[in-house]
Amino acid sequence: MAVSWAERISSFSRSPSRFLSGTTAEAFLAELLRELRDDRAGYSVKVLLLSPLCEHPTLLCPSDSVGDETALELMSVLAQCPTKCVHFRCHLLLALTSVLVCTSSVSRRSRASHDFLDLLLQIVQDTSDLHSDGALRPLRATACDCLREVEACSPGLLAQRLELLGGLRQQEASQLHQAYAGLHTLVLRNAVYQLTQETGAGAEHLTALLGGNTSVAWEAEQDSDLMNNKDSAIMSSLILGPMGTVPTLQAGPGCKELRSVLSSLLEESYLLTPLCQAALLHRLIEVVAMVPGVPPAVFRTQLLRLLGTSEVCLFHTTLLMKCAFTDSLFSAEDEAFILKRLVVLSQHPLLSTPEKLFYMDCILHFPENRPISCGDGDEALPVLLTPRLASALVPTVFNDSATMLARLNLLSLVYLEEGEEGEDRGLAYLYEHLTSLLHIVENGGSREIVVTLFRATFLFLFYFWHEERYSSSLVEKLCELYLHHTYLAPHLINLADQTQDRLTESSWAVELLKAVQGEITGSPLTQVTLQDLTWHLKVLARVGEEGEIPQHSTLSFLSSIITPSSSSLCRSGDWRLGNSLLGVCRRLLVHPSLDLLLIPLADILLHLTCSYGDTDIQDHARLYYTLLTTLSREKLAGVLAQGLIEGGRQVKKRSLSCIMAESEGLTSLLTIHQTEKAIFKLFEAPSEPREETKTNEERDLGEPNATLEAYRAQFDDPSFASEITLNYQLTHTDADDARFDQLFSIRLHFNLTDDHYEELSDISVPCLFRERPSPKVRLRLKPRRPYPTTLRVSAIFTTQDGLSWLTVLPDIHVAFQQAFMPPPAPPSTGRDGKRSLFEGLWDEISCERGEDCATSLFCCQLEEAALAAVVEKHFLPYLVSDLADKEEFRVFFFLPPQSHVLLKIRSEEDAVHFNVATDNWQLLPHISSYLLTITPTQKDTLS
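On a predicted model such as this, the values are computed, not experimentally measured, just so you know. (Residues numbered from 1 in each chain as written. Predicted model: local features only at pLDDT ≥ 70, side-chain atom pairs only at ≥ 80, totals over all residues. Heavy atoms only, no water.)

### Things to note about the overall build of the chain
Okay, step 1: Along its length, the chain carries 40 helices and twelve strands.
Okay, step 2: In the chain, 70% of the contacts between residues at least 6 apart in sequence involve partners at least 24 apart. (Helix = DSSP H or I, 4+ residues; strand = E, 2+ residues; numbered from the N terminus. Contact = heavy atoms within 4.5 Å.)

### Thoughts on the pattern of salt bridges
Okay, step 1: Here the structure, examined in full by the defined rule, presents 32 salt bridges.
Okay, step 2: Among the salt bridges present, the one from R108 reaches D64, with a minimum N-O distance of 3.3 Å. Of this pair, R108 sits in helix α8 (residues 105-108) while D64 is found in helix α6 (residues 64-80), placing the two residues 44 residues apart along the sequence.
Okay, step 3: Across the salt bridge formed by D115 and R111, the nearest N and O atoms sit 3.0 Å from each other. With D115 and R111 both in helix α9 (residues 111-125), this residue pair falls four residues apart, about one helical turn.
Okay, step 4: In this structure D115 comes out as partly exposed when scored by relative accessible area, which is 25%.
Okay, step 5: When salt bridges that share partners are traced, they join D497, R542, E545, E546 and R587 into one network. (Salt bridge = Lys/Arg side-chain N within 4 Å of Asp/Glu carboxyl O. Buried < 20%, exposed > 50% of the residue type's maximum accessible area, 1.4 Å probe, protein only.)

### As for the environment of R785
Okay, step 1: Within the secondary structure layout, R785 lies in the loop between β6 (776-781) and β7 (789-799).
Okay, step 2: Sequence spacing of R785 and Y757 is 28 residues, and the spatial spacing of their C-alpha atoms is 6.8 Å.
Okay, step 3: Excluding residues that lie within four positions of it along the chain, R785 makes contacts with D755, H756 and Y757.
Okay, step 4: Within polar-contact distance, the side chain of R785 engages the side chain of D755 at 2.9 Å. (Polar contact = N/O pair within 3.5 Å; in protein donor to acceptor, adjacent residues only side chain to side chain.)

### Digging into the environment of L582
Okay, step 1: Structurally, L582 is set in helix α32 (residues 575-589).
Okay, step 2: For the pair formed by L582 and I604, sequence separation is 22 residues and the distance between their alpha carbons is 9.7 Å.
Okay, step 3: Each residue touching L582, except ones within four places of it in the same chain, is listed here: L605, L608, I617, H620, A621 and Y624.

### Observations concerning the sheet that holds strand β10 (residues 889-895)
Okay, step 1: With antiparallel pairing, four strands are arranged side by side in an open sheet as β9-β12-β11-β10. Bordering the open sheet on either side are β9 (854-860) and β10, each of which pairs with just one other strand. Between one strand and the next, the sheet's axes are offset by a mean angle of 20°, whatever the strand orientation.
Okay, step 2: Here seven bridges tie β10 to strand β11 (residues 899-907), and the two strands are oriented antiparallel to one another. Paired with L895 across the strands is S899, a residue of β11.
Okay, step 3: Its contacts with the sheet place helix α39 (residues 864-875) against β10, β11 and β12 (912-918), and it is angled at close to 160° to β11.
Okay, step 4: Of the strands in this sheet, β9, β11 and β12 are in contact with helix α40 (residues 924-934), which crosses β9 at around 20°. (Pairing = 2+ DSSP bridges. Axes fitted to C-alpha atoms, helices over the stretch in contact; angles between N-to-C directions.)

### Focus: the packing of α6 against α9
Okay, step 1: The N-to-C vectors of α6 and α9 enclose an angle of 30°; their axes lie 9 Å apart at closest approach. The angle between α6 and α9 places the two elements in the roughly parallel class. Remark: the crossing between α6 and α9 carries left-handed chirality. Between α6 and α9, the residues in contact are D68, A71, L72, M75 and L78 and A112, D115, F116 and L119, respectively.
Okay, step 2: A class-by-class count of the residues in the contact of α6 with α9 yields seven nonpolar, no polar and two charged. (Parallel < 35°, antiparallel > 145°, perpendicular 65-115°, else oblique. Left-handed = near helix turned anticlockwise from the far one by under 90°. Nonpolar A, V, L, I, M, F, W, Y, C, P; charged D, E, K, R; others polar.)

### Overview of the state of the cysteines
Okay, step 1: Under the counting rule described, the total for this entry stands at zero disulfides.
Okay, step 2: You can see C153 has no disulfide; the closest cysteine sulfur is in C102, sitting 7.6 Å from it. (Disulfide = S-S within 2.5 Å.)

### Examining the nonpolar core
Okay, step 1: Grouped together as the largest cluster of nonpolar side chains are 207 residues, with contacts concentrated most on L188, L258, F299 and L410.
Okay, step 2: Beyond its immediate stretch of four places on either side in the chain, F299 contacts L266, L284, I285, V288, M321, F325 and L329.
Okay, step 3: In this structure, I679, L779, L791 and W805 belong to the second largest nonpolar core, which totals 59 residues. (Core = buried A, V, L, I, M, F, W, Y, C linked by side-chain atoms within 4.5 Å.)

### Observations concerning the side chain of T70
Okay, step 1: Following the sequence through the fold, T70 ends up in helix α6.
Okay, step 2: Take T70: its relative accessible area is 2%, and that puts it in the buried class.
Okay, step 3: Apart from the residues within four sequence positions on either side, T70 is in contact with L29, L33, L53, C61 and V99.

### Re the pairing of strand β8 (residues 804-814)
Okay, step 1: Pairing between strand β1 (residues 672-674) and β8: three bridges, direction parallel. Counted as the bridge partner of I672 is S804 from β8.
Okay, step 2: As judged from the nine bridges shared by β7 and β8, these two strands associate in the antiparallel manner. Following the sheet pairing, L791 is matched in β8 by I812.
Okay, step 3: Here β7 folds back onto β8 in antiparallel fashion, the turn holding four residues, of which G802 has a positive phi close to 90°.

### Description of the sheet that holds β6
Okay, step 1: Here three strands make up an open sheet; going across it, the order is β2-β3-β6 and the pairing antiparallel. With one partner strand each, in any of the chains shown, β2 (680-684) and β6 form the two edges of the open sheet. When the angles between neighbouring strand axes are averaged without regard to direction, this sheet yields 35°.

### Thoughts on the confidence of the model for the chain
Okay, step 1: Of the residues in the chain, 86% have a pLDDT of 70 or more, and the chain-wide mean is 84.
Okay, step 2: This model gives residues 650-667 a pLDDT under 50, and the stretch forms 37 contacts once residues within four places in sequence are excluded.
Okay, step 3: A low-confidence stretch, residues 690-706 (pLDDT under 50), is modelled with 34 contacts involving residues beyond four sequence positions or located in other chains. (pLDDT = per-residue confidence, 0-100.)

### Thoughts on empty space enclosed by the protein
Okay, step 1: Taken as a whole, this structure holds one cavity of 30 Å³ or more when the rule is applied.
Okay, step 2: Size it by volume and the largest cavity reaches roughly 30 Å³.
Okay, step 3: If you go around the largest cavity, the residues you meet are F816, F820, F893, V901, L903, I927, Y930 and L931.
Okay, step 4: Elements with a minimum of two residues in the lining of the largest cavity: β11 and α40.
Okay, step 5: By residue number, the principal contributor to the lining of the largest cavity is α40, which donates three residues.
Okay, step 6: For the lining of the largest cavity, the residue count by class is eight nonpolar, no polar and no charged. (1 Å grid on protein atoms, 1.4 Å probe; cavity = no way out; pocket = protein on both sides within 12 Å on 5 of 7 lines; lining within 4 Å. Points joined across faces, edges and corners; volume = space filled by probe spheres on them.)

### A look at the pairing of β12
Okay, step 1: Counted residue by residue, β12 has six buried out of seven residues, so it is predominantly covered.
Okay, step 2: Examined bridge by bridge, β9 and β12 share seven bridges and lie antiparallel to one another. Bridging across to β12, F858 finds its partner in F914.
Okay, step 3: In this sheet, β12 lies alongside β11 in antiparallel orientation, the contact comprising seven bridges. Within the sheet, the bridge partner assigned to S907 lies in β12 and is V912.
Okay, step 4: The hairpin turn running from β11 into β12, its antiparallel successor, is four residues long.

### Quick look at the environment of A95
Okay, step 1: Mapped onto the fold, A95 is located in helix α7 (residues 86-102).
Okay, step 2: Distance in space between the C-alpha atoms of A95 and P57 is 8.4 Å, their sequence separation being 38 residues.
Okay, step 3: Beyond its immediate chain neighbours, meaning those up to four positions away, A95 contacts L50, L53, C54 and L74.

### What to know about helix α27 (residues 489-502)
Okay, step 1: Helix length check: α27 (14 residues) gives 20 Å between terminal C-alpha atoms against 20 Å at 1.5 Å per residue, within 8%.
Okay, step 2: Buried residues of α27: A489, L492, I493, L495, A496, D497, T499 and Q500, and no others.
Okay, step 3: Tucked into the core, α27 has its buried residues touching α25 (447-464), α26 (468-484), α28 (508-522) and α29 (530-543). (Expected span 1.5 Å × (residues − 1).)

### A closer look at the packing of aromatic side chains
Okay, step 1: Evaluated as defined, the whole model comprises 27 aromatic pairs.
Okay, step 2: Relative to Y463, the ring of F462 has its centre 5.2 Å away and its plane inclined at 85°; by these criteria the two rings are edge-to-face.
Okay, step 3: Note on F462: relative accessible area 29%, which makes it partly exposed.
Okay, step 4: Owing to a relative accessible area of 10%, Y463 belongs among the buried residues under this scheme.
Okay, step 5: Arranged with centres 6.2 Å apart and planes meeting at 85°, the rings of F820 and Y878 form a pair that is edge-to-face. One end of the pair, F820, is in the loop between β8 and α38 (830-846); the other, Y878, is in the loop between α39 and β10, and 58 residues separate them in sequence.
Okay, step 6: Overall, the relative accessible area of 10% leaves Y878 in the buried class.
Okay, step 7: An aromatic cluster is built from Y431, F458, F460, F462, Y463, F464 and Y470, whose rings are joined through pairwise contacts.
Okay, step 8: Between R8 and the ring centre of W5, over which it is positioned, the NZ or CZ distance is 4.9 Å. (Phe/Tyr/Trp six-rings, centres within 6.5 Å; stacked < 30°, edge-to-face > 60°. Lys NZ or Arg CZ within 6 Å of the ring centre and 35° of its normal.)

Structure, rendered in structure tokens:
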């Protein structure tokens, strides 16, 4: 029965809607309740049965009446449950709370919720275990949590129990004191807020509330005046601070009872965990803010401890306190101390990056005693943050990206508000920092540092674009950087876009684009690679969106690309290159100076129509040429639906499929459609003998016992080629769509997800027919590091009706073992030569002569026959010892480009030992994972 219920509950949790499609919520709920009442079922099973009610109460109890009935049933189960079953009783309380809260029974004050509240209050008052073994403490802790949840969902519900809860808190000497204190504080805060909403409420009402006197007239109407959902939402986001509006209770200067309660809570607060202290202090801050008769000085005794705390949550609460009470609690000296402490914490080496970023954010939103601005949520610097104080937070290239950007933002604000003399020094430093980042990227920085550079550049421009000596220099340096690293084109375009959008008064983006255009069009075409050309065209397409930039040089550049001297580019028929060319032409079709560009642009489109080696590109070029030569500029802009803003940049971009009216029937032919799911996939073909390049086969190492020096010398030979060859078959997926039974001109494109391997070239497959054998696709991977990787694959193909399609194939996962190769020694060396190489390498690695050398041990439990089977199945191509030699197997892996893994496998008394030696210690985790997958049971892992 237990297994059956476990499976059913698991099935319900995975997909409740699918589970209930085979039954009904009413029937399933009835089964759960019946099983919960069954004395024969174990309590571990009953705990499992409660999980659907805790996780999906509204699904099983769709109406208020069902919720009430279910709650009464659960309370009946609780009443019959033995006292010793504390664990099950705790889960019952949680399930009851979920059902009653989620079905609105609590807010409706139903009889079931009333009985449940009485039950919870009875449990929290049962302190009979104070001097015993504490077996019932988990139940009381759960009851406190349930009461706190009920009070949070229906604020003010427990307001009449304040005196009771306060007494329970004070007499609780165990660790449950924290739960009682949290509940008492929440109820106190909600009760005070409720009083502020009552007309005419004053000191006597507050006194009666704290004393538990239910005879006050206004309390008789509590049931009808309970705070609604709107009040609950307000309470969860009570506004504090001098500029906010806080509801207040005019209770006079006395409020002795409230001050007594507050003092008691504050004196005990140090006993709580930091998070609970922060929550308690937050609630008490709100209480004092709502009762002007209680001076903020009540917190004075806590300030010394809070100002010196190392807990983030408590320091945050201190800042909230300062925001609420400003100079009525914090002196000018306190304010200066807090700010200096924030600066120190923002750079403390023992703190984590998120913590330091939080403290820097606190500086930018520092609650000053006498704020100058009105505070609309924007970042602003406190007056006391001088450049000298902030100098400790200057960004450096050794900071992580997030810290560097946060510091740059803060220091930019500091120097922006600084005087003339200091501004020059500060700006000079920030610009030097930006220049350092530029140099790092220019010398081959990582992707993260590239993104950081462009974000930092945007921040610098956001504050200092008006400083021409720096903004102009940035244009020059970015142009130079782009020419050396054209793959940065997307970052450059995005920087121009964001700068133009955020800095509407600045023309810096136009200056940058114009300068980059000049550098591109002025570069000798003979020095431009095909990859560079693709990026250049993307940049020029963006330049074409600016009406202020002349485009004659762009047209000359396009013309030089397709002229007879470079006609090989046209004849190659590269679709992506042709599409990039057309992208530039399309921008120029709506350029304000089109009248001056008409003839050269028409010549380019005509040449593409007649000479480009791709039919799709020819058709698009012909359409553009027809539109250009037959329509006026106004009609052309209307057809292309390109709206221009005042600066000339296009604000609306539409694909080519929108150019023609649907009635003309050409839209679908001129569009590359996206498939809804993968049409075909690549799966690994049956393994074939590895092919070695002819260069490697003919290389002679001399004597059979070749030395390590001679072996390694072949790696220095420029003709040495080491790559991983993977064979795949291209086949249709299970998707049955007759449109894709016959596919033509398939172009497979591969994207890397890391930098472990060199970029892969596209692969063309002539056709794929469902009824014919699957074509084979051979991938040649050139590793930088022989690690596992994933390849993202997409493809463009044509169907029999002439439509072009783009589809995304399932990812290709390259496993670690797929990089294994025999050592690249020629066959002439024989097995003896490979043994000599093995021994030489083993001795060298064991002596750790190289800094990357490492040895390790992997152990597992294998019988002799099973070990022989593992070796024969997985290691046979790499074996340098005889398979018949059962005492020790020696395995020799070569992992391109220049790594080796050596194994000595021997059966010992306790286990099979895989002694591992490698000249690349970073491979050890992958070796361990691989050995774990091929051995049936493991006793130990690599050590």
